[in-house]
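Remarks on the overall topology
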Amino acid sequence: MQSTAAAPANPTELYERFADDAALAERLGFRSIWSAEHRAWYDGWCPALVHAQAFAAARTERLRFGHAILLVPQHDPLRLARALATLDRLSGGRVDLGAGMGHRDAEFDMLGLRRDRRGRLMDAALDALSAVWAGEHGDAPPLQRPGPPVWIGGMAPQAIARAASRGHGLMLPQTLRPPELRTIVEAYRSQARRPGTVGALRDVWVAADGRRAEAFRRAAEAHYREEAGSWWVLKGQVGFSQPEQLARQLARVSDTQVVGPPERVAEQLNDLYAAGAEFLVLRANFDFVERAELREQLELLAEGVVPLLDPAAARAA
Amino acid sequence: MRLLLEPPAAAGLDALAAAGEAVCAAGLDGVLLAPSPELPAPLVAAAALAARVPSILIAAEVEVGEGHPIEVAEEAAVVDVASGGRLILVAAPAPGREDRAGEALDLIRTALAPAPFRVEGPTWRVPAGLPQNQHNPERRARLTPSPVQPRLEVWGAGGARDAALGRGLGFLAEADGDPRELGAAWARAAAALGPALIGAARARRERFDGDAPALVARLRAGRAAFGQSWAVVAAPARAAQAISRRVRPRVQTDRLPEGLEAHWDATLPR
């Protein structure tokens with residue numbers, strides 16, 4: 001839900017589109033739709049994902065709603081637990097909590113929180129969610145017991161350890177290459193007594209035509225340049241003031257995007273399964289993507305790519 | 001007078017949507033959702049209801065004073081945008097946090113205005129300006145998205161009466177309060193604020209057990225005692241038609257022409 005300088009949109013229309021996209025994804029047989037949270041940004045980026053998801057969940061029946069990711073340390077744990085429980089009940093148990101840390105100081109500062117305490121805040125919040133869902137504050141339990149499945153976002157050793165020790169799933173960032181992913185999966189599985197599901201994000205664009213593939217790469221580069229240039233801290237400085245670092249980061253984003261004809265997309269996604277990712281969250285939705293293009297992408301993925309995928313390879317990895 | 005239905009606590013989406021559809025079909029103004037053990041986050045339920053039922057207003061009663069008001073404001077903004085501008089945010093202080101009601105209301109409304117802001121209150125400072133948050137810091141915060149409503153409708157409730165009235169905001173009174181005392185509070189606010197109080201929602205919770213004449217009499221008495229302009233009627237969804245046909249027409253204008261009520265009684269189904 002962004003109304004950017006590159007792609008302005010009516011804010012209410014963005015939420016209607018989200019519900020429409022969810023309904024289309026459901027019709028096409030996708031299992032779930034995942035959304036990202038940020039706050040206090042000029043483009044209206046949605047700071048209350050659970051509420052947006054309730055809107056879309058009310059217009060779907062089977063599709064699950066996940067976060068990739070929700071900035072758990074930036075929320076009041078009791079309030080978040082109740083919001084998730086309410087969504088879980090209203091949706092008939094279709095919620096996956098993707099729990100991430102957040103990285104923008106401005107977001108933490110707006111809420112009176114120290115970013116350097118976010119690990120402690122995360123652990124306290126995860127404990128509080130369990131307690132609220134167990135009825136310790138007088139609430140009815142969520143429909144899913146003991147609560148919505150939790151996926152820990154990130155790739156830092158602390159994130160791996162947190163997911164492993166709590167038996168939560170992992171949601172790995174889109175910029176990991178298969179060998180890096182394999183290393184992390186191995187570390188996670190060796191630490192976890194009962195490992196959860198390992199998910200991985202990936203930007204995808206199905207385009208048999210080389211010019212369309214190139215157009216996507218260019219638009220995506222501009223999109224990530226805005227975000228990374230404005231928000232990311234590279235060598236202690238904001239991204240735009242570190243052009244070389246920024247270029248390196250953007251090259252990595254671009255390198256790890258999966259762009260091409262359906263067979264090539266499937267092949268690269270199968271490389272992720274083979275490296276141990278059991279669940280892929282594919283992103284083709286960006287501010288610059290037109291409605292009709294997104295519909296086409298979802299159809300191409302569902303009909304041309306998904307039949308070629310081999311998720312069973314993840315178990316063997 | 002505008003009428004919102006407060007349906008019995010729903011446990012799921014279908015019951016919630018059914019109540020909203022009944023309100024919409026009956027031509028009542030909207031629904032009020034309060035926290036319940038099954039659906040403890042009324043703003044989440046409000047978003048789901050907005051997706052299912054067009055046109056009606058959706059009031060969500062939330063606690064303020066314990067968590068950060070910025071979070072409440074963000075959620076309200078998102079629900080207002082998703083619903084196309086149909087949210088009424090009803091803020092009641094958390095138990096024991098009545099002293100923070102005014103500060104919370106001020107911060108929520110400041111944050112919902114479409115301008116960067118800086119607030120230093122006794123409880124909350126935004127941006128906090130913490131020395132540890134040093135990268136790309138903001139001197140003023142800006143909450144986005146902006147609600148659709150140019151000024152999001154915010155009412156106080158519970159222990160926020162004086163805080164709400166003193167700010168020219170609406171207030172939802174409980175059903176069993178003393179109407180004369182409520183009238184005195186509104187009169188004090190009018191004396192203090194003058195025209196700044198114009199349009200503030202003077203709301204009260206009501207009960208409806210099927211006795212339409214009793215509710216009509218009570219609403220007319222509320223109008224006389226404290227200028228009641230909104231009623232939040234606790235009743236099941238199936239009562240929406242009766243409220244809309246037998247109560248609503250009788251509380252819109254100051255009086256009705258002689259004989260009209262007798263005509264309705266004679267011609268409309270009971």
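As shown above, the structure is provided for reference.
Description of the structure in this document. (Residues numbered from 1 in each chain as written. Chains lettered and ligands numbered in written order. Predicted model: local features only at pLDDT ≥ 70, side-chain atom pairs only at ≥ 80, totals over all residues. Heavy atoms only, no water.)

Here we come to the overall build of chain B. Looking only at helices and strands, chain B has 9 helices and 10 strands in total. Against the 2.2 N^0.38 benchmark of 18 Å for 270 residues, chain B shows a C-alpha radius of gyration of 20 Å, consistent with a compact globule. Buried positions account for 55% of the 270 residues belonging to chain B. Summing over all exposed atoms, chain B offers an accessible surface of approximately 11300 Å²; the carbon and sulfur share of this is 52%. On chain B, the mean spot of the 30 positive side-chain charges and the mean spot of the 31 negative ones are 5 Å from each other. (Helix = DSSP H or I, 4+ residues; strand = E, 2+ residues; numbered from the N terminus. Rg over C-alpha atoms; globule rule 2.2 N^0.38 Å. Buried < 20%, exposed > 50% of the residue type's maximum accessible area, 1.4 Å probe, protein only. Areas by Shrake-Rupley, 256 points an atom, 1.4 Å probe, with all protein chains shown as cover. Lys, Arg positive; Asp, Glu negative; His and termini not counted. Charge placed at Lys NZ, Arg CZ, Asp CG, Glu CD.)

All right, on to the layout of surface pockets then. A volume near 440 Å³ is recorded for the second largest pocket. Every residue lining the second largest pocket is counted, 27 residues in all, and those nearest its centre are L78(A), R79(A), R82(A), P40(B) and E63(B). For the lining of the second largest pocket, the elements supplying multiple residues, two or more each, are α3 (77-90) of chain A together with α2 (42-52), β3 (57-64) and α3 (69-82) of chain B. (1 Å grid on protein atoms, 1.4 Å probe; cavity = no way out; pocket = protein on both sides within 12 Å on 5 of 7 lines; lining within 4 Å. Points joined across faces, edges and corners; volume = space filled by probe spheres on them.)

Here the focus is helix α10 (residues 262-274) of chain A. All names here are of chain A. For α10, which comprises 13 residues, the first-to-last C-alpha distance of 18 Å matches the rise-based estimate of 18 Å (1.5 Å per residue) to within 8%. Buried within α10 are the following residues: P262, V265, A266, L269, N270, L272 and Y273. Down the axis of α10, the buried set is contained in an arc of 150°. They therefore lie on one face. Buried positions along α10 lie against α7 (178-191), β7 (198-206), β10 (258-260), β11 (279-283), α11 (291-305) and α12 (312-316). (Expected span 1.5 Å × (residues − 1). Arc of directions from axis to C-beta. Contact = heavy atoms within 4.5 Å.)

Turning to the packing of aromatic side chains, a few remarks are in order. Residues and elements named next belong to chain A. Scanning the model with the defined rule gives 13 aromatic pairs over all chains in all. For the pair W34 and W151, a centre-to-centre distance of 5.3 Å together with 85° between the ring planes defines the contact as edge-to-face. Of this pair, W34 sits in strand β1 (residues 32-35) while W151 sits in strand β5 (residues 150-153), and the two are 117 residues apart along the sequence. Aromatic pair W41 and Y42: ring centres 5.5 Å apart, planes at 65°, arrangement edge-to-face. Relative accessible area serves as the criterion here: at 19%, W41 is assigned to the buried category. Taken together, the ring pairs in this structure connect W205, F216, Y224, F286 and F288 into an aromatic cluster. (Phe/Tyr/Trp six-rings, centres within 6.5 Å; stacked < 30°, edge-to-face > 60°.)

Take the sheet that holds strand β2 (residues 30-33) of chain B next. Residue and element names in this part refer to chain B. The strand order around the closed barrel formed by 8 strands is β1-β2-β3-β4-β7-β8-β9-β10, and the pairing between neighbours is parallel. Ignoring strand direction, the axes of neighbouring strands in this sheet form an average angle of 30°. Judged from the 4 bridges that link them, strand β4 (residues 87-93) and strand β7 (residues 153-157) form a sheet pairing that is parallel. Bridge pairing in β7 places V90 opposite W155. (Pairing = 2+ DSSP bridges. Axes fitted to C-alpha atoms, helices over the stretch in contact; angles between N-to-C directions.)

Of the residues lining the interface, 46 residues belong to chain A; the matching set on chain B comes to 47 residues. Regarding the contact of chain A and chain B, the summed buried area is about 4000 Å², with carbon and sulfur atoms giving 61% of it. For chain A, the biggest contributors to the area lost against chain B are R79(A), L90(A) and M110(A); these three give 19% of the whole. Our count for the contact surface shared by chain A and chain B stands at 2 salt bridges. Between E74(B) and R39(A) there is a salt bridge; the shortest N-O distance is 2.8 Å. Where chain A touches chain B, the interface holds 20 residue pairs in polar contact (both at pLDDT 80 or more). Ranked by the residues each element gives to the side of chain A that touches chain B, the list is headed by α3(A), at 7 residues. (Buried area = accessible area lost by both parts, 1.4 Å probe. Salt bridge = Lys/Arg side-chain N within 4 Å of Asp/Glu carboxyl O. Polar contact = N/O pair within 3.5 Å; in protein donor to acceptor, adjacent residues only side chain to side chain.)

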